[in-house]
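One letter stands for each residue in the lines below.
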Amino acid sequence: MAEPLGRRDLFRLPLQRAAAVLEPVVPRPRPEPGSEPGALASHADARRPTITVIAYGPHELTEAPVDDLELLRTMRGRWPVLWVNVDGVAHGETLRAVGEVFGLHPLALEDLGDVQQRAKVEEYPDHLFVVARMARLAPDLDLEQIGIFLGRDYVLTFQERPGDPLDTLRQRIRASRGRLRTGGPDYLAYAVLDAIVDHYFPVAEAYADRLDALEDEVLGRPSRGTMPRLHAVKRDLMALRRAAWPLRDALAALVREPGPLVSPGTVVYFRDTQDHAFQILDLLETYRELAGSLTDLYLGNQGRRANEIMKVLTVFAALFIPLGFITGVYGMNVPVPPGWWWTLSAALGAMAATALLLLLWFARKRWLGDDG
């Protein structure tokens, strides 16, 4: 598990995604315009995805990597719950082969290859298809699409790349904690979605810490990098909101019309996950408004500092205008009268008195100091 980010680390995050800390992402080709619906495109450099399977029941468990899809054919029907996880969706041939093993709809398989899908729920005759987006910090914001298929005896998860917030769920299955080992595939699908939604909370809390640090910086000594960091936080919060909003709607549709594959007892748990999605959206909206307020505060402070500088310069200019007039008149090319020393002293005294009177007048008008 990654160590928590310190305050200095938060300010070192670049504006763009740190590609070095993520798995290289293979470009996702789209099918040719006019292709048959459900056509799958595969990139020439796409690597075969990594497939793992966890098969379990109340009293038995097996877990293994899948090198040959025939293993999945032999395991189907022999276990109460079969969880197959596929890391990688750019290899069209593998997607098609897995779809043939489980009888997945071609349109759903086509949506797996397009990783820009909105979160949604689609019901097919013998399986349910759910699209969601996982959020994590690695260390920048990383939003990854996950496709979930729910069947009568299986759950399939398709991810863009390795790494997800589901390790705790796997540990619960191995340790036989909770209802996972006794629940059906619909309960496993709920647990997967619940882990995805709950993982938004630590991500949102990390952005709350960043906003706290930025607030201290804005109120203290802002720098040139303050505004770019505020903009980066606002951009990431907007991306999180765009990912969580359709997920909330998808969960609402699943609760409203669960279909025959979801038991009434599991609908209650999906409703709890929907409540968590509402809480996430409320938090993100609050943090987004706070980021906007900090931006306005930063711009207001910058304008105030500029006004303070202009006020000081204006006071100096106002002081020297009458002094320049006096020295200009006194310094005209005229014969020096007798007793010029007294005349010079009187001119200097008039200049000092004029400056003092101007300062007293500025102070009475409250043009000096913070109340000016």
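Structural data are supplied above this passage.
Residues numbered from 1 in each chain as written. Predicted model: local features only at pLDDT ≥ 70, side-chain atom pairs only at ≥ 80, totals over all residues. Heavy atoms only, no water.

A. Expanded view of the side chain of Asp87. Relative to the helices and strands, Asp87 is located in strand S3 (residues 81–87). Despite being buried, Asp87 has no salt bridge partner; Arg170 is the closest side chain of opposite charge, sitting 5.9 Å away. Those residues within four positions of Asp87 in sequence are excluded, and the remaining contacts are Pro49, Thr50, Gln159, Arg161 and Pro162. (Helix = DSSP H or I, 4+ residues; strand = E, 2+ residues; numbered from the N terminus. Buried < 20%, exposed > 50% of the residue type's maximum accessible area, 1.4 Å probe, protein only. Lys, Arg positive; Asp, Glu negative; His and termini not counted. Salt bridge = Lys/Arg side-chain N within 4 Å of Asp/Glu carboxyl O. Contact = heavy atoms within 4.5 Å.)

B. Spotlight on unusual backbone geometry. Looking along the chain, the bond that leaves Ala138 and enters Pro139 is cis, with omega of -10°. With respect to the helices and strands, the residue Pro139 is situated in the loop between strand S5 (128–137) and strand S6 (141–150). Even without glycine at this site, Ser176 takes up a positive phi of about 55°. Summarising the element assignment, Ser176 is placed in the loop between helix H5 (167–175) and helix H6 (185–198).

C. How the structure looks around the packing of aromatic side chains. In total, this model carries 7 aromatic pairs according to the counting rule given. With 4.6 Å between their ring centres and 25° between their planes, Phe129 and Phe149 make a pair best called stacked. With Phe129 in strand S5 and Phe149 in strand S6, this residue pair connects regions lying 20 residues apart in the sequence. Residue Phe149 is classed as buried on the basis of its relative accessible area of 0%. On the basis of an interplanar angle of 50° and a centroid distance of 5.2 Å, the ring pair of Tyr190 and Tyr269 is categorised as tilted. One end of the pair, Tyr190, is in helix H6; the other, Tyr269, is in helix H9 (residues 264–330), and 79 residues separate them in sequence. Taken together, the ring pairs in this structure connect Tyr187, Tyr190, Tyr269 and Phe270 into an aromatic cluster. Stacked on the ring of Tyr207, the Lys or Arg Arg210 has its end atom at 4.7 Å from the ring centre. Here the guanidinium or amino end of Arg248 rests over the ring plane of Trp245, the centre of that ring lying 4.3 Å away. (Phe/Tyr/Trp six-rings, centres within 6.5 Å; stacked < 30°, edge-to-face > 60°. Lys NZ or Arg CZ within 6 Å of the ring centre and 35° of its normal.)

D. Structural view of the packing of H6 against helix H7 (residues 200–219). It is the contact of H6 with H7, at a shortest axis distance of 4 Å, that shows an interaxial angle of 5°. As far as their axial angle goes, H7 and H6 are roughly parallel. For the pair formed by H6 and H7, the contact residues are Ile196, Val197 and Asp198 on the first element and Tyr200, Phe201 and Pro202 on the second. A class-by-class count of the residues in the contact of H6 with H7 yields 5 nonpolar, no polar and 1 charged. (Axes fitted to C-alpha atoms, helices over the stretch in contact; angles between N-to-C directions. Parallel < 35°, antiparallel > 145°, perpendicular 65-115°, else oblique. Nonpolar A, V, L, I, M, F, W, Y, C, P; charged D, E, K, R; others polar.)

E. Spatial organisation of the pairing of strand S7 (residues 154–159). With 6 of 6 residues buried, S7 is to be regarded as a mostly interior element. Alternating positions in S7 separate into two faces, Tyr154, Leu156 and Phe158 on one and Val155, Thr157 and Gln159 on the other, with burial throughout. One ladder, built from 6 bridges, connects S3 with S7; its direction is parallel. Paired with Val84 across the two strands is Leu156, which belongs to S7. Sheet topology note: the S6/S7 ladder contains 5 bridges and is antiparallel. Looking across to S7, one finds that Leu150 is bridged to Val155. Between the antiparallel neighbours S6 and S7 lie 3 residues. (Pairing = 2+ DSSP bridges.)

F. View of a nonpolar patch on the surface. Taken together, Val312, Phe316 and Phe320 make up a surface patch of nonpolar side chains, about 320 Å² in accessible area. Tracing the sequence through the fold places Phe320 in helix H9. Relative accessible area serves as the criterion here: at 53%, Phe320 is assigned to the exposed category. (Patch = residues over 30% accessible without salt bridge, like charges linked within 9 Å, V, L, I, M, F, W, Y side chains within 5 Å. Areas by Shrake-Rupley, 256 points an atom, 1.4 Å probe, with all protein chains shown as cover.)

G. Quick peek at the nonpolar core. Formed by 61 residues in total, the largest nonpolar core has its most connected members in Trp83, Leu188, Tyr200, Leu237 and Leu240. Of the residues forming this core, the biggest block, 11 residues, is contributed by helix H8 (residues 226–256). Setting aside its immediate chain neighbours within four residues, Leu188 contacts Tyr56, Val81, Trp83, Val155, Leu169, Ile173 and Leu180. (Core = buried A, V, L, I, M, F, W, Y, C linked by side-chain atoms within 4.5 Å.)

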